[in-house]
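Observations on the model geometry
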Amino acid sequence: MIESNTQYIEKKTAIVIGGSIAGMLAARVLSEFFEEVIIIEKDPKSTKRQLRKGIPQGAQGHVLLKSGEEILEELFPGLIDEMIKEGSVPADFANDLAWHHHGSWKIKYDSGLSIIQQSRTFLEGHIRRRIDRIGNIHTLYNTKVKGLLTDGSRVTGIEAETADEMVEFSSDLTVETSGASSLAAQWLKKLGFTTPEKTEVKVNLFYANRIYRKLSPIQREWKSLLVYPNPPAQACGGGISPTEDNQWMITLLGYGVKSPPADNNDFLEYAKNLEQPHVYEAIKDGEPVTDTEVYRFPALRRFHFEKLKSFPKGLIVMGDAFCRIDPVLPRG
Ligand SMILES: Cc1cc2nc3c(=O)[nH]c(=O)nc-3n(C[C@H](O)[C@H](O)[C@H](O)COP(=O)(O)OP(=O)(O)OC[C@H]3O[C@@H](n4cnc5c(N)ncnc54)[C@H](O)[C@@H]3O)c2cc1C
């Protein structure tokens with residue numbers, strides 16, 4: 001539980017670099033402790049369902065795990081009901097998901113635990129709407145952070161580029177949440193700090209996605225479907241999950257696959273060649289609304305800032321800028 005409220009405010013300004021999931025959640029928490037929180041985001045403001053450049057993974061299917069949902073509800077009371085009302089699809093993942101893995105279908109049972117399903121853009125848009133209602137959080141769009149300012153031992157702000165000029169902002173705390181493309185390590189090096197080590201686990205994974213308006217008119221005993229491979233022996237898989245607007249997110253994936261589906265014909269062909277026919281059967285006579293979008297995910301990566309002998313005060317690195325995983329990778 002976050003304790004509120006104004007009696008804890010000691011500091012004036014916090015700056016958050018990047019206005020995506022980690023950045024907005026950090027800003028929400030900091031709004032309890034700082035007079036002013038400024039989110040600096042390089043992209044223009046997007047509407048609820050818009051893909052944007054700064055989130056190249058945005059079109060890919062995203063599952064919101066239960067603990068994430070609980071944290072969101074704690075930070076933004078009523079958000080989950082609001083999302084369900086506007087299109088998120090609740091489901092019991094132990095009962096409503098047909099999941100093929102390790103050569104068999106997992107047993108279904110009523111877990112009493114429901115999660116909600118929607119696109120990543122829909123989720124981000126709903127969080128942004130809540131952030132926009134918090135009076136002491138301001139978001140500057142079209143503003144790209146280029147580096148950190150320091151007095152030698154402490155980060156004292158950032159420098160950023162707008163369409164017309166370079167600007168500087170002072171802060172009492174700076175939170176770096178600029179995602180997988182984070183330049184935090186280089187920024188620290190430029191200030192004379194050591195670059196952190198990183199651990200990488202190469203997965204050479206791709207995801208290909210399409211949204212469908214309708215699936216094939218077949219009998220279904222699932223709300224979501226997942227046919228997961230067992231790499232390295234088995235490389236290819238796919239899944240289907242319901243999403244907002246009564247649509248379906250179809251995801252195909254592969255480990256170490258040299259040529260992921262390049263177009264819509266390849267997409268169907270890839271689904272047809274999966275170990276189980278269910279994904280193909282469900283989409284072959286369906287109605288797609290988007291073309292095939294491919295995203296490559298070469299490696300999981302974590303920076304070891306915690307091992308640095310010196311790290312400037314006044315800086316926190318969070319989210320994918322710190323550790324980048326795909327939380328849906330099931331354990332082998
Ligand atoms: C294929 C794939 C599937 C995934 N599936 C799931 C899933 O099912 N469930 C799940 O929970 N997670 C999933 N993830 C992980 C999830 O996408 C990320 O963990 C999450 O988006 C990270 O949020 P973030 O805010 O740290 O970074 P991001 O969402 O990447 O946001 C970074 C933000 O910083 C901005 N930015 C970047 N540089 C600057 C700069 N210099 N100045 C200002 N702004 C800047 C960007 O525009 C962007 O808004 C998946 C990831 C991938 C790649």
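Everything here concerns the structure above.
Residues numbered from 1 in each chain as written. Predicted model: local features only at pLDDT ≥ 70, side-chain atom pairs only at ≥ 80, totals over all residues. Heavy atoms only, no water.

This part is about the packing of aromatic side chains. Under the defined criterion, the tally for this structure stands at 5 aromatic pairs. Each ring, one from tryptophan 222 and one from tryptophan 248, has its centre 6.4 Å from the other, and the planes form 85 degrees; the classification is edge-to-face. A residue pair is termed long-range when its members are at least 10 positions apart, and tryptophan 222 in the loop between β12 (198–214) and β13 (224–227) and tryptophan 248 in strand β15 (residues 247–255) qualify at 26 residues. The two residues tryptophan 222 and tryptophan 248 agree in class, both being buried. Taking 5.9 Å as the distance between ring centres and 70 degrees as the angle between the ring planes, the aromatic pair formed by phenylalanine 305 and phenylalanine 311 counts as edge-to-face. We classify phenylalanine 311 as partly exposed; its relative accessible area is 29%. Of the aromatic side chains, those joined through ring pairs into one cluster are Phe303, Phe305, Phe311 and Phe322. Its end group placed over the ring of phenylalanine 267, arginine 210 keeps NZ or CZ at 5.9 Å from the ring centre. Of note, arginine 220 hangs over the ring of tryptophan 222, and the distance from its end group to the ring centre comes to 5.3 Å. (Phe/Tyr/Trp six-rings, centres within 6.5 Å; stacked < 30°, edge-to-face > 60°. Helix = DSSP H or I, 4+ residues; strand = E, 2+ residues; numbered from the N terminus. Buried < 20%, exposed > 50% of the residue type's maximum accessible area, 1.4 Å probe, protein only. Lys NZ or Arg CZ within 6 Å of the ring centre and 35° of its normal.)

Mapped onto the elements, phenylalanine 322 comes out in the loop between β18 (315–317) and β19 (323–324). C-alpha separation for the pair phenylalanine 322 and proline 217, spaced 105 residues apart in sequence, amounts to 44 Å. In this structure, phenylalanine 322 is in contact with Arg301, Arg302, Phe303, Phe305, Glu306 and Val317, ignoring residues within four places of it in sequence. (Contact = heavy atoms within 4.5 Å.)

Attention now moves to the side chain of glutamate 41. Here glutamate 41 is to be found in the loop between β2 (34–40) and α2 (66–75). Look at glutamate 41 and you get buried, because its relative accessible area is 7%. Excluding anything up to four places from it in sequence, glutamate 41 contacts Gly18, Gly19, Ser20, Arg52, Leu140, Tyr141, Asn142 and Thr143.

A word on unusual backbone geometry. With glycine set apart, most residues show a phi of negative sign, and most peptide bonds adopt trans. Cis geometry is adopted by the peptide bond preceding proline 232, which originates at proline 231 and carries an omega value of 5 degrees. Looking at the secondary structure, you find proline 232 in the loop between β13 and β14 (236–243). One non-glycine residue, asparagine 246, adopts positive backbone phi at about 55 degrees. Within the secondary structure layout, asparagine 246 lies in the loop between β14 and β15. Among the residues examined, asparagine 246 registers a relative accessible area of 70% and is labelled exposed.

So, on to helix α6 (residues 264–272). All of the buried residues along α6 are Phe267, Tyr270 and Ala271. Each buried residue of α6 sits inside an arc of 100 degrees when the element is viewed along its axis, so together they form one side. Lining the buried residues of α6 we find β12, β14, β15 and α7 (278–283). Where α6 begins, one side-chain oxygen reaches toward the backbone nitrogen of asparagine 265, 3.1 Å away; that side chain belongs to aspartate 263. (Arc of directions from axis to C-beta. Polar contact = N/O pair within 3.5 Å; in protein donor to acceptor, adjacent residues only side chain to side chain.)

Without other data, these values stay purely geometric and don't point to any function.
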